[in-house]
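One letter stands for each residue in the lines below.
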Amino acid sequence: DSPTGQQTKQQSRTHDSAFLKACRREPVPHTPVWFMRQAGRSLPEYLKVREGIPMLESCMRPELVTEITLQPVRRHKVDAAIYFSDIVVPLKAIGLDLDIKPGVGPVVADPIRTRADLDRLRDLTPDDVHYVTEAIGMLTEELGDTPLIGFAGAPFTLASYLVEGGPSRSHERTKAMMYGDPQLWADLLDRLAGITSAFLKVQIEAGASAVQLFDSWVGALAPADYRRSVLPASAKVFDAVAGHGVPRIHFGVGTGELLGLMGEAGADVVGVDWRVPLDEAARRVGPGKALQGNLDPAVLFASTEVVEAKADEVLAAAKGLEGHVFNLGHGVMPSMDPDALTRLVAHVHERTAV
Ligand code: CP3
């Protein structure tokens, strides 16, 4: 695909940012920082603008999306913005009956469990998500040289919500389909890979400078099952967005045993949760990839001294890496003190300034 004007403009404007340099494994002026789930959650200014507007509806309002995406950049001085949306937005956009219940998460009215159900998963066109193109156009003007990260849910994590009908701890119906009807499973993941690829391309063409594929729940799988039943679909997504000149980040929780395979799926940057130190993660991932992570989010509930000491441990483990993007090992929690996050960004910047 030839790049759009907005894509070229935004990519050259953000090219020399610390975040994109770290993703490309080039020397950086300081270690870049951003936080998964930095938009929304604990910010009072977020709760204020969201008042009375359901989550999925707020994702379809470009002005609101722009404001919410910018809030953590203004407040915390993070090195990148992440587009305010949700992993189920493209599924809603192709007409699935689903909602995000506060305190619960995505809930699907009619779960996908049979071959006939697959027909409800049609391809996504840019028109289905015109508000994303609009919002990113507005956003990138406001962001200037700060990169915007686009994102999507990976096929496995999306499949889990669709097959279970909602959040699940053990993913039992999902795994039952994966083990019991491998062909139906492969076809489901392949369709989801197509939808996810199309959704990421919309974001890149509108001006996103990087993309992250969230496979939040894939840590529930053994490596051999991941390789056989999930990796091909995730690799299809990474292939579809290769050659656009934007770094591709791949993240999941509890994925210590899968880090090598998640890199193999095609990522340029592998996200690591807090269970594996970054030097060990680098051995598991192998050369040629940057790492992102990995402070335990729960540390933010301790004193400033503890937060800074634990952040220094992360930086020490990252010392020999070619490229490091500082992040939490999972998302910001709603009850976190926003000031603790602001102080953490300043601390990492100070400690790593050259
Ligand atoms: O990172 C950001 O700040 C950008 C926004 C973003 C949201 N969801 C907004 C949101 C991103 C990147 C996501 C991704 C997402 N959504 C993931 C992958 C990331 C991860 O944490 O592992 C997953 C698994 C989902 C599904 C989902 N949506 C969950 C589990 C929840 C939380 C339910 C709850 O209330 O506890 C949501 C809802 C959601 N997505 C909220 C926000 C700000 C809260 C909605 C609200 O406040 O009404």
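Residues numbered from 1 in each chain as written. Predicted model: local features only at pLDDT ≥ 70, side-chain atom pairs only at ≥ 80, totals over all residues.

An unreviewed UniProt entry annotates the protein as Uroporphyrinogen decarboxylase of Streptomyces omiyaensis. Reading the Catalytic activity (unreviewed entry) entry of the UniProt record for the protein gives the comment "uroporphyrinogen III + 4 H(+) = coproporphyrinogen III + 4 CO2". Turning to the protein, the UniProt annotation filed under Function (unreviewed entry) states: "Catalyzes the decarboxylation of four acetate groups of uroporphyrinogen-III to yield coproporphyrinogen-III." (UniProt positions renumbered as here; feature names shortened; annotations may be inferred.)

Enquirer: Now, about the overall build of the protein: what can you tell me, with residues and values included?
Expert: Looking only at helices and strands, the protein features 17 helices and nine strands. Taken over the C-alpha trace, the protein has a radius of gyration of 19 Å; the compact-globule value for 354 residues is 20 Å, and the two agree within 12%. Reported as C-alpha extents along the three principal axes, the dimensions of the protein are approximately 60 × 45 × 40 Å. In the protein, the share of contacts with a sequence separation of at least 24, taken over all contacts with a separation of at least 6, comes to 74%. (Helix = DSSP H or I, 4+ residues; strand = E, 2+ residues; numbered from the N terminus. Rg over C-alpha atoms; globule rule 2.2 N^0.38 Å. Contact = placed C-beta atoms within 7 Å.)

Enquirer: Give a detailed account of the site of the ligand, specifying residues and quantitative values.
Expert: As a matter of local geometry, the ligand sits amid 22 residues, with Ala39, Gly40, Gly105, Phe214 and Ser216 nearest to it. For the shell around the ligand, the per-class residue count stands at twelve nonpolar, seven polar and three charged. (Near = placed C-beta within 6 Å. Nonpolar A, V, L, I, M, F, W, Y, C, P; charged D, E, K, R; others polar.)

Enquirer: Could you give an account of the nonpolar core, naming the residues involved and the relevant values?
Expert: Ile149, Ala208, Val211, Val218 and Leu291 are the most contacted members of the largest nonpolar core, which has 114 residues in total. Looking at which element gives the most residues to this core, the answer is helix H11 (residues 182–206), with twelve residues. (Core = buried A, V, L, I, M, F, W, Y, C linked by C-beta atoms within 7 Å. Buried ≥ 20, exposed ≤ 12 C-beta atoms within 10 Å, placed from the backbone.)

Enquirer: With reference to specific residues and values, describe the pairing of strand S9 (residues 324–328).
Expert: Most of S9 is tucked away, with five of its five residues classed as buried. Residues His324, Phe326 and Leu328 line one face of S9 and the alternating positions Val325 and Asn327 line the opposite face, and both faces are buried. Bridge count for strand S8 (residues 290–295) against S9 is five bridges, and the pairing is parallel. Note on S9: the bridge partner recorded for Leu295 is Leu328. (Pairing = 2+ DSSP bridges.)

Enquirer: So what about unusual backbone geometry? Which residues, and what values?
Expert: The linkage connecting Gly293 with the following residue, Asn294, adopts the cis geometry, with an omega of -10 degrees. With respect to the helices, strands and loops of the structure, Asn294 is situated in strand S8. Positive phi is not limited to glycine here, since Lys77 has a value of about 60 degrees. Relative to the helices and strands, Lys77 resides in the loop between helix H5 (62–76) and strand S1 (81–82). On the basis of neighbour counts, which here come to 13 C-beta atoms within 10 Å, the residue Lys77 falls in the partly exposed class. If you check the backbone angles, His171 has positive phi at about 55 degrees while not being a glycine. Its place among the elements puts His171 in the loop between helix H9 (155–164) and helix H10 (172–180).

Enquirer: Describe the environment of Ala210, with residues and values.
Expert: Mapped onto the secondary structure, Ala210 falls in strand S5 (residues 210–214). Those residues in contact with Ala210 that sit more than four places away from it in its chain are Leu20, Cys23, Pro147, Ile149, Val246, Pro247 and Ile249.

Enquirer: Would you mind going over the sheet that holds S8 in detail, with residue names and values included?
Expert: Taken together, the seven strands give an open sheet; going across it, the order is S1-S4-S5-S6-S7-S8-S9, and neighbouring strands pair in parallel fashion. Strands with a single pairing partner mark the edges of an open sheet, and in this sheet they are S1 and S9. As paired elements, strand S6 (residues 248–251) and strand S7 (residues 269–271) share two bridges and run parallel to each other. Bridge assignment links His250 to a residue of S7, and that residue is Val270. Sheet strands touched by H11: strand S4 (148–153) and S5. Its angle to S4, the strand with the most contacts, is close to 170 degrees. (Axes fitted to C-alpha atoms, helices over the stretch in contact; angles between N-to-C directions.)

Enquirer: So what about the environment of Pro247? Which residues, and what values?
Expert: If you trace the backbone, Pro247 turns up in the loop between helix H13 (231–240) and S6. Residue Pro247 is classed as buried on the basis of its 23 C-beta neighbours within 10 Å. Contacts of Pro247, omitting those with residues within four sequence positions, involve Leu20, Cys23, Arg24, Ala210, Asp268 and Val269.

Enquirer: Lay out the UniProt feature "site: Transition state stabilizer" (unreviewed entry) in the protein with the relevant residues and their values.
Expert: When the UniProt feature table is mapped to this numbering, "site: Transition state stabilizer" (unreviewed entry) covers Asp86. The topology assignment puts Asp86 in the loop between S1 and helix H6 (89–93). Looking at Asp86, the number of C-beta atoms within 10 Å reads 18, which means it is partly exposed.

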